[in-house]
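Notes for the structure review
One letter stands for each residue in the lines below.
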Amino acid sequence: MGDFNGQTVLVTGGGTGIGKAVTEAFVAAGAEVVNRHADVSSQSDVDDLIRPLATLDILVNCAGIIHRDAEYDMPTFLRVLDVNLSGVMRMCTACKPLLARRRGSIVNIASVLSFLGGPRVPAYAASKGGVVQLTKSLAAAWAPDGIRVNAVAPGWIATQMTQAIQEDEQRSAVILARTPMGRWGTPGDVAGPVLFLCSQAAAFITGAVLPVDGGYLIS
Ligand code: NAD
């Protein structure tokens, strides 16, 4: 998984699910992980989070929300965009000066819904599509600063975000039938690829979006 000794990592949404697994994997690989809570939709929260940091090597943007069947309501639509897309931009721009000093890297959490429509979650799908374009744009803009910017696009991962769908036998069966690997992913399945993208093994990779979906997007 790489040696992250001496590196400082910031994970948003690091208290649960995928973010928690990413945090644990970085700690196991020797990194120091900053895990203070900040609301990524608040510029002042983000600024307060970053200000005390002396150094930063890696930013992983895992914070995200979804409001199934409620995102046609305009305030809800805007809220999802503000957390999932603008929140990533806020964190990336706030961390850029520190990351540039260490020639660091960023991994954003996109989704298979970055590529597919989400009729029950139009804001979520739009936000995750935006995360992919933002990732590519920042990768191109910040390559001269030595900052790599990549994303992973998880498929169906068993976390609290998908709890209701896991418990819906019919819906879960449809998902599993479309997933060539035939199972739900675990948060740990996503953590490995995140560490890879931050590691020296990925030193020439930027602007990439790596599906972590058991093959969901290929069928
Ligand atoms: P999760 O609900 O466990 O994690 C989301 C985290 O974001 C939580 O810790 C929550 O506290 C935090 N968060 C929410 N709003 C925030 C805000 N305004 N500021 C800061 N933190 C905030 O679910 P998860 O599945 O682990 O999701 C992690 C990421 O993975 C999300 O971006 C999600 O969209 C993405 N994702 C999940 C799946 C899946 O199937 N579970 C698939 C694709 C992408």
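An account of the accompanying structure is given in this report. None of these values were measured; they are calculated from a predicted model.

Rules used in this analysis
- Residues numbered from 1 in each chain as written.
- Predicted model: local features only at pLDDT ≥ 70, side-chain atom pairs only at ≥ 80, totals over all residues.
- Heavy atoms only, no water.
- Core = buried A, V, L, I, M, F, W, Y, C linked by side-chain atoms within 4.5 Å.
- Buried < 20%, exposed > 50% of the residue type's maximum accessible area, 1.4 Å probe, protein only.
- Helix = DSSP H or I, 4+ residues; strand = E, 2+ residues; numbered from the N terminus.
- Contact = heavy atoms within 4.5 Å.
- Near = heavy atom within 4 Å.
- Areas by Shrake-Rupley, 256 points an atom, 1.4 Å probe, with all protein chains shown as cover.
- Nonpolar A, V, L, I, M, F, W, Y, C, P; charged D, E, K, R; others polar.
- Polar contact = N/O pair within 3.5 Å; in protein donor to acceptor, adjacent residues only side chain to side chain.
- Pairing = 2+ DSSP bridges.
- Axes fitted to C-alpha atoms, helices over the stretch in contact; angles between N-to-C directions.
- Salt bridge = Lys/Arg side-chain N within 4 Å of Asp/Glu carboxyl O.

Leu-10, Ile-50, Leu-59, Met-91, Cys-95 and Ile-106 are the most contacted members of the largest nonpolar core, which totals 31 residues. By residue number, the principal contributor to this core is helix α3 (residues 74-102), which donates eight residues. When neighbours within four sequence positions are excluded, Cys-95 is seen to be in contact with Leu-10, Ile-50, Leu-56 and Leu-59. Residues Ala-31, Val-33, Ala-191 and Cys-198 belong to the second largest nonpolar core, which totals 25 residues.

Around the ligand, the structure places 26 residues, and the nearest of them are Thr-16, Ile-18, Asp-39, Tyr-124 and Thr-159. Protein chains shield 89% of the accessible area of the ligand, which is 830 Å² for the free molecule. Counting residues per element, the ones that place at least two in the shell around the ligand are α1 (17-28), α3 and α4 (122-142). Tallied by class, residues from the shell around the ligand come to 14 nonpolar, nine polar and three charged.

Before going further, it helps to spend a moment on the side chain of Asn-84. Relative to the helices and strands, Asn-84 is located in helix α3. Judged by its relative accessible area of 1%, Asn-84 falls in the buried class. Within the structure, Asn-84 has its side chain in polar contact with the side chain of Ser-127 (distance 3.2 Å). Setting aside chain neighbours within four positions, we find Asn-84 in contact with Gly-64, Ile-65, Tyr-124, Ser-127, Lys-128 and Val-131.

On to the sheet that holds strand β3 (residues 58-61). Strand order in this open sheet of six strands is β2-β1-β3-β4-β5-β6, and the pairing throughout is parallel. The sheet is open, and its two edges are formed by β2 (32-34) and β6 (209-212), each paired on a single side. Direction aside, the axes of adjacent strands within the sheet are offset by 20 degrees on average. Of the pairings in the sheet, the one linking strand β1 (residues 8-12) to β2 comprises three bridges and is parallel in character. The partner of Thr-8 across the bridge, within β2, is Glu-32. Contacts from α3 reach β1, β3 and β4 (105-109) within the one sheet, and its direction differs from that of β3 by about 175 degrees.

Moving on to unusual backbone geometry. One non-glycine residue with positive phi stands out, namely Asp-69, at about 65 degrees. Mapped onto the secondary structure, Asp-69 falls in the loop between β3 and α3. The backbone of Arg-103 shows a phi angle near 50 degrees, a positive value even though the residue is not glycine. Of note, Arg-103 is situated in the loop between α3 and β4. Judged by its relative accessible area of 59%, Arg-103 is exposed.

For the rest of this paragraph, the subject is the pattern of salt bridges. This model, assessed by the stated rule, comprises seven salt bridges. A salt bridge links Asp-69 to Arg-120; its shortest N-O distance comes to 2.9 Å. Of the two residues, Asp-69 is situated in the loop between β3 and α3 and Arg-120 in the loop between β4 and α4; the sequence distance between them amounts to 51 residues. Under the relative-accessibility criterion, Arg-120 is labelled partly exposed at 38%.

By themselves, these figures tell us nothing about what the structure is for.
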